[in-house]
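# Understanding the architecture of this molecule
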Amino acid sequence: MERHEIEAFLTLAGELHFGRTAERLGVSQGRVSQTVKAIERRIGAPLFDRSSRHVALTPLGRQLRADLEPHHRGIQQAISRATETARSLTGRLAVGYTAAWSGSLLLRAVDRLRARHPDCLVEIHEDSYGATLPSLRAGRTDLHLAELPVDEPDITVGPTVFSDARALAVPADHPLAAHETVCLEDLAVAPLIVPADMPQAFIDAHYLRHTPSGRPVPRGPAAASWQDFLTLVGSGRGVTLTSVRAATFYARPDVTYVPFRDAPPIRYALLWPTRKADAKIHAFSRIVAELAAAD
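Summary of the structure given here. All of these numbers come straight from a predicted model, not from anything done at the bench.

On a plain count of helices and strands, the chain comes out with 10 helices and 12 strands. Relative to the globule expectation of 19 Å for 295 residues, the C-alpha radius of gyration of the chain, 30 Å, shows a markedly less compact shape. Reported as C-alpha extents along the three principal axes, the dimensions of the chain are approximately 100 × 40 × 35 Å. For the chain, the residues scored as buried account for 45% of the 295 residues in total. Partitioning the contacts of the chain with sequence separation of at least 6, the portion at a separation of at least 24 is 72%.

Structure (structure tokens):
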């Protein structure tokens, strides 16, 4: 039986009046009658004895009502609880991010979520590249705003929140530091510093092994945190890829950020453990998307 059929049957079983049943359901009396007849045809026996002055349940109708009512009541209660939870979120939500420029967006999202759901506590903190997935899996964070791609079977990737143009971070005394822009072919001229403890798919997508023309890109040391990246670049150990926003957030006298003219943008999205998705996660994700779209 469809949900509307169950509701029509149970309402008529309680009212024993087609007019009042139609009024409660917001449909015509004819629709109620057609629905009941369809149920009876499917079952193969009458559920109501009815005449112009009288409506009563048959023994089979009373049995069906007794069987259906507890299940219908449970479904209604489950829907009510879910609706109430969605309207009044409570509890703690831990949100991580890897890029400093994501922090201001997340703080604005926290303010908006708290305005809508004052009993929901949100904590945000910066994580290293390698800590993103372990933090989500261990429950230290519930959500993470991070660079894509992420292709893990137990992690849900939300829609892209925003994108950034790329830049190459080079030592301030490197020849490329004097250029207005660089291209992907320039990656062949210096060791490329890569992140430690990141999935291979992520490294392959961001840290090329060959330039578009096929020249090898030399590998530099691995860095566990963004400060490690900057220290290695500043000391002349290599170059690395980042967002153009890094020039504002991480200005250093020994590092220069040169924009790419031919590299694809970096995309950022919210990640969360698929098994833990709940109303708080979905509500916060929607707010982040709203704010990013308005920027």
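We are not done yet, so read on.
Before going further, it helps to examine the pattern of salt bridges. Overall, the coordinates contain 16 salt bridges when judged by the stated rule. Linking Arg137 and Glu152 is a salt bridge whose minimum nitrogen-to-oxygen distance equals 2.8 Å. Placement of Arg137 in helix H6 (residues 132–138) and of Glu152 in the loop between strand S5 (143–147) and strand S6 (155–164) is noted, with a sequence separation of 15 residues between them. When the shortest N-O distance is used, the salt bridge between Arg252 and Asp254 registers 2.9 Å. With a relative accessible area of 25%, Arg252 lands in the partly exposed category. Overall, the relative accessible area of 25% leaves Asp254 in the partly exposed class. A single network of salt bridges, built from pairs that share partners, joins Glu15, Arg20 and Arg24.

Before going further, it helps to examine the environment of Pro218. One can find Pro218 in the loop between helix H7 (200–206) and strand S9 (219–223). For the pair Pro218 and Gly238, spaced 20 residues apart in sequence, the C-alpha to C-alpha distance is 9.3 Å. When residues no more than four places from it in sequence are discounted, the contact partners of Pro218 are Leu187, Ala188, Ala190, Pro191 and Leu192.

Within the largest apolar cluster, 62 residues are counted, with the highest numbers of intra-cluster contacts made by Leu145, Leu168, Tyr257 and Phe284. Apart from the residues within four sequence positions on either side, Leu145 is in contact with Gly96, Tyr97, Thr98, Ser102, Leu105, Leu106, Val161, Phe162, Tyr268, Ala269 and Leu270. Of all hydrophobic cores here, the second largest spans 16 residues; its members include Ala13, Phe18, Val36 and Phe48.

This part is about empty space enclosed by the protein. Taken as a whole, this structure holds two cavities of 30 Å³ or more when the rule is applied. At the level of elements, H7, strand S10 (240–243) and strand S12 (266–273) are the ones that each hand at least two residues to the lining of the largest cavity. Among the elements that make up the lining of the largest cavity, the one with the highest residue count is S10 (three residues). Its residues assigned to classes, the lining of the largest cavity shows 10 nonpolar, four polar and two charged. Along its surface, the second largest cavity is lined by 14 residues, and Pro149, Val150, Met198, Pro199 and Phe202 are the ones closest to its centre. At the level of elements, H6, S5 and H7 are the ones that each hand at least two residues to the lining of the second largest cavity. Residue classes in the lining of the second largest cavity are distributed as nine nonpolar, two polar and three charged.

Cut-offs and rules
Residues numbered from 1 in each chain as written. Predicted model: local features only at pLDDT ≥ 70, side-chain atom pairs only at ≥ 80, totals over all residues. Heavy atoms only, no water. Helix = DSSP H or I, 4+ residues; strand = E, 2+ residues; numbered from the N terminus. Rg over C-alpha atoms; globule rule 2.2 N^0.38 Å. Buried < 20%, exposed > 50% of the residue type's maximum accessible area, 1.4 Å probe, protein only. Contact = heavy atoms within 4.5 Å. Salt bridge = Lys/Arg side-chain N within 4 Å of Asp/Glu carboxyl O. Core = buried A, V, L, I, M, F, W, Y, C linked by side-chain atoms within 4.5 Å. 1 Å grid on protein atoms, 1.4 Å probe; cavity = no way out; pocket = protein on both sides within 12 Å on 5 of 7 lines; lining within 4 Å. Points joined across faces, edges and corners; volume = space filled by probe spheres on them. Nonpolar A, V, L, I, M, F, W, Y, C, P; charged D, E, K, R; others polar.

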